[in-house]
Number of protein chains: 2
Amino acid sequence: MTKVSIKQIAELSGVSVATVSRVINNNGRFSEATRKKVLQAIEETGYQTNYVAKSLRMQKSNTIGILVPDITNYFFARTVQHIEETLFEHGYSTIICNTDRSLEKEKAYLEMLKAKMIDGLIVISGIKEFDLVDYSSMNIPVVCIDRKPTGKASSVFIASNHYEGAYLATKHLLEKGVKSPVILMQNRESSSSSERLKGFKAGLKEAGMPFRTDTNLLVVDSRKNVLRVEEKTRQLFLKAFSKLETCDGIFSINDDLAILALDCLKELGIAVPDQVKLIGFDDTLLSRHTSPKLSSVAQDTLKLAETTCENLLSLIQNPSLAVSKQQLVPVHLVERETT
Amino acid sequence: MTKVSIKQIAELSGVSVATVSRVINNNGRFSEATRKKVLQAIEETGYQTNYVAKSLRMQKSNTIGILVPDITNYFFARTVQHIEETLFEHGYSTIICNTDRSLEKEKAYLEMLKAKMIDGLIVISGIKEFDLVDYSSMNIPVVCIDRKPTGKASSVFIASNHYEGAYLATKHLLEKGVKSPVILMQNRESSSSSERLKGFKAGLKEAGMPFRTDTNLLVVDSRKNVLRVEEKTRQLFLKAFSKLETCDGIFSINDDLAILALDCLKELGIAVPDQVKLIGFDDTLLSRHTSPKLSSVAQDTLKLAETTCENLLSLIQNPSLAVSKQQLVPVHLVERETT
């Protein structure tokens, strides 16, 4: 006796797998005619119902939870938007939780999602060192984006190739004649920012330049979005920038920080790109509308979202396939007027 | 006869309050023995069951659902972020659902939220004519933001004073010497855009100017964010703008559209603010970083969020207080370089 798969039920009833799943879970988005066809196919395979039910029990709520550090961040919002679209096409609803880069909130939302019996979880953690132990107790598939989990629990990790992006940006600055490049960072650590720092150092090394924290690194003191800072903080930034006497090129770890830099340089009377070249990271909407227009490294949010969904859906179908793996999504350089 | 509380049911059956709640809601995470004990305790108190069920309905999940049309829209994202923060302080988790301005998705997420037994719902509908009938069947408090519901169900509606904002912006243009103002809109209707159009007309009327659709109105054909349009659409926009021969001032219904206008005017060789003055709406992050910097009407997202949460929390405490009401949150003009 062979076991009937949901795919076979779908074939028998002439509808998609997602539709079969919706009918059995009775969530409402199908016609009465479809329901009858699917139920008939299930009846025809009689003794197999339990198997179907069991395989479905693992996806019974048709909801996926996603933890996101900051929905006002364009990169995160776009990625989440693509994920929601992809999952909806597959018959899943997405529960979005904004965790505000707070460990307390991540834990609270995790508890909430547990109670809501989600079928899978996507984590974009806002915490530098986050461990999957908390998540593994949920016994559902977890895919991490952008922030690499520590600890020993097996995990799927999807991220842009931040290292390569930073390396490309640095190389681009050097090719444009920059002699004394600076990496501009926020004092907010994450695996993506460490990777970008490594890429910057690799670019310098390749050009035979040593990396010196006193001349090649500028860290601004803000954990929040720098474009929302108040005047007092802005003055501190201005002061920091005015110290960069020898600098003729800036690789900013994100576009928001690059736009802040552009504003400060303008205010200090330093011409971009003539005196200082500038490149950001993320290719946000803003980068296309500054003056001069900002060069940047583009992350492929659509590809990130698709890769994440593919991995998660496949784990929901076959939890036994769970192994630790890492998939990097390529980035590309977008040259505009600031370089 | 005193009413039985869920706490007493818990004590009677020797389990926790949470377990009683799980049994009554039948969500599956309890043993058959536990179920029997709880049901016995409920039976022993017979006539009170309804009261228990009702009191549970009112406080059972500590979660609030929120429907948002587009999380990549800065105004929506900021409002939702403030709401999440406020609710979290009050012990509530927020389930964010991105509905993509789609009626199908609004309905699907509503079903999902019903199944997750939320305690309250916040709706920012992406549909022009949305009715609260669907929502009222959930029997939980609902507060609508920004998009006014149609139909007869009683509702709480919180919004920025879009009318006043548009009126202020128009008056500002006229005070700056504009003789032939144009309102720039997208073909995406909502109660907020109709209010803004009314405010624009009121400003014209006060100055003794008739409103003419051929000279005072420009509608661009894009339902999506205009800053993400492709080159082909952009060319259509350019063509539309080149027709505005007499126009010397533009009130754009949102900042994104204003930034698109700024780009097109630059490309057409029209100087802002010298030849055409320009003002947006929303005071997004981008408006502070364009060149010249964009004047705009600022919505008070924090106040909107606080007013929404106050109303919702008070209705959760006292559902009997439910009446239809509307609260408008003041906006203010931010003058920058484009006017």
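Rules used throughout
- Residues numbered from 1 in each chain as written.
- Chains lettered and ligands numbered in written order.
- Predicted model: local features only at pLDDT ≥ 70, side-chain atom pairs only at ≥ 80, totals over all residues.
- Heavy atoms only, no water.
- Helix = DSSP H or I, 4+ residues; strand = E, 2+ residues; numbered from the N terminus.
- Buried < 20%, exposed > 50% of the residue type's maximum accessible area, 1.4 Å probe, protein only.
- Areas by Shrake-Rupley, 256 points an atom, 1.4 Å probe, with all protein chains shown as cover.
- Lys, Arg positive; Asp, Glu negative; His and termini not counted.
- Charge placed at Lys NZ, Arg CZ, Asp CG, Glu CD.
- Pairing = 2+ DSSP bridges.
- Axes fitted to C-alpha atoms, helices over the stretch in contact; angles between N-to-C directions.
- Contact = heavy atoms within 4.5 Å.
- Expected span 1.5 Å × (residues − 1).
- Phe/Tyr/Trp six-rings, centres within 6.5 Å; stacked < 30°, edge-to-face > 60°.
- Lys NZ or Arg CZ within 6 Å of the ring centre and 35° of its normal.
- Buried area = accessible area lost by both parts, 1.4 Å probe.
- Salt bridge = Lys/Arg side-chain N within 4 Å of Asp/Glu carboxyl O.
- Polar contact = N/O pair within 3.5 Å; in protein donor to acceptor, adjacent residues only side chain to side chain.
- Nonpolar A, V, L, I, M, F, W, Y, C, P; charged D, E, K, R; others polar.

In the nomenclature of an unreviewed UniProt entry, chain A corresponds to LacI family transcriptional regulator from the organism Listeria kieliensis.

> Sorry if this is basic, but what is going on with the overall build of chain A here?
On a plain count of helices and strands, chain A comes out with 13 helices and 12 strands. Counting only C-alpha atoms, chain A reaches 80 × 40 × 35 Å along its principal axes. Burial analysis of chain A (339 residues in total) assigns 58% to the buried set. Carbon and sulfur atoms provide 50% of the accessible area of chain A, an area that totals close to 14700 Å². Measuring between centres, the 43 positive side-chain charges of chain A sit 3 Å from its 40 negative side-chain charges.

> Could you clarify how one ought to interpret the sheet that holds strand 7 (residues 217-220) of chain A in this entry?
Sheet strands pair via backbone hydrogen bonds, and the direction of the pair is either parallel or antiparallel. Residue and element names in this part refer to chain A. Read across the open sheet, the four strands follow the order 7-6-8-9; overall the sheet is parallel. Every interior strand has two partners, whereas the edge strands, strand 7 and strand 9 (277-279), have only one. In this sheet, neighbouring strand axes are inclined to one another by 20° on average, regardless of whether the strands run parallel or antiparallel. Bridging between strand 8 (residues 249-252) and strand 9 involves three bridges; their strand directions are parallel. Bridging across to strand 9, Gly249 finds its partner in Lys277.

> Would you explain the side chain of Asp282(A) in this entry?
Residue and element names in this part refer to chain A. Mapped onto the elements, Asp282 comes out in the loop between strand 9 and strand 10 (296-298). Residue classification places Asp282 among the buried positions, given a relative accessible area of 15%. Setting aside chain neighbours within four positions, we find Asp282 in contact with Phe75, Arg196, Asn254, Asp255, Ser296, Val297 and Gln299.

> I would appreciate a short explanation of helix 6 (residues 103-115) of chain B in the present structure.
One turn of an α-helix holds 3.6 residues; hence residues three or four places apart share an orientation. Residues and elements named next belong to chain B. For helix 6, which comprises 13 residues, the first-to-last C-alpha distance of 19 Å matches the rise-based estimate of 18 Å (1.5 Å per residue) to within 8%. If you check which residues of helix 6 are buried, you get Lys105, Glu106, Ala108, Tyr109, Leu110, Met112 and Leu113. Remark: Met117 follows helix 6 within two positions and exhibits a positive phi of approximately 50°.

> Can you help me understand the side chain of Gln81(A) in this one?
Looking at the element boundaries, Gln81(A) is found in helix 5 (residues 74-89). Look at Gln81(A) and you get buried, because its relative accessible area is 4%. Excluding residues within four positions of it along the chain, Gln81(A) makes contact with Asp70(B), Ile71(B), Thr72(B), Asn98(B) and Arg228(B).

> Any chance you could explain the sheet that holds strand 6 (residues 181-186) of chain B here in plain terms?
Residue and element names in this part refer to chain B. On the basis of which strands lie adjacent, the open sheet formed by four strands has the order 7-6-8-9 and parallel pairing. Each having just a single partner strand, strand 7 (217-220) and strand 9 (277-279) make up the two edges of the open sheet. Each strand axis lies, on average, 20° off the axis of its neighbour in the sheet, ignoring direction. As paired elements, strand 6 and strand 7 share four bridges and run parallel to each other. Pairing of Met185 across the sheet is with Val219, part of strand 7. Against the sheet, helix 8 (residues 162-175) touches strand 6, strand 8 (249-252) and strand 9, its axis set at about 165° to strand 8. Running over the sheet, helix 12 (residues 255-267) touches strand 6, strand 7, strand 8 and strand 9 and is turned about 120° from strand 6.

> Even after reading the chapter, I still don't get the packing of aromatic side chains, so can you show me in this structure?
How two aromatic rings sit relative to each other is set out by the distance from centre to centre and by the angle between their planes. Tallying each qualifying case throughout the model produces 10 aromatic pairs over all chains. Considering the side-chain rings of Phe200(A) and Phe211(A), the 6.1 Å spacing of their centres and the 85° angle between planes classify their relative orientation as edge-to-face. Here the residue Phe200(A) occupies a position in helix 9 (residues 191-206), and Phe211(A) occupies one in the loop between helix 9 and helix 10 (213-216), the gap between them amounting to 11 residues. Classification of Phe200(A) as buried rests on a relative accessible area of 0%. Of the residues examined, Phe211(A) reaches a relative accessible area of 24% and is grouped as partly exposed. Aromatic rings pair up to connect Phe200(A), Phe211(A), Phe251(A) and Phe281(A) into one cluster. It is Lys105(A) that lies over the ring of Phe88(B); its NZ or CZ is 4.9 Å from the centre. Over the face of the ring belonging to Phe281(B) we find Arg196(B), whose NZ or CZ atom lies 3.8 Å from the ring centre.

> Is there a simple way to think about the interface of chain A and chain B in this case?
Buried accessible area, meaning the area lost when the parts come together, often serves as the stated size of an interface. Each partner contributes residues to the interface: chain A has 42 residues there, and chain B has 42 residues. Area buried by chain A at its contact with chain B is led by Ile71(A), Lys116(A) and His289(A), which between them contribute 17% of it. Between the two partners, chain A and chain B, sit two salt bridges. Of the charged contacts in the structure, one is a salt bridge between Glu84(B) and Lys105(A), with a shortest N-O distance of 2.6 Å. Our enumeration of links across chain A and chain B arrives at 14 residue pairs in polar contact (both at pLDDT 80 or more). By residue class, the composition of the side of chain A that touches chain B is 17 nonpolar, 12 polar and 13 charged.

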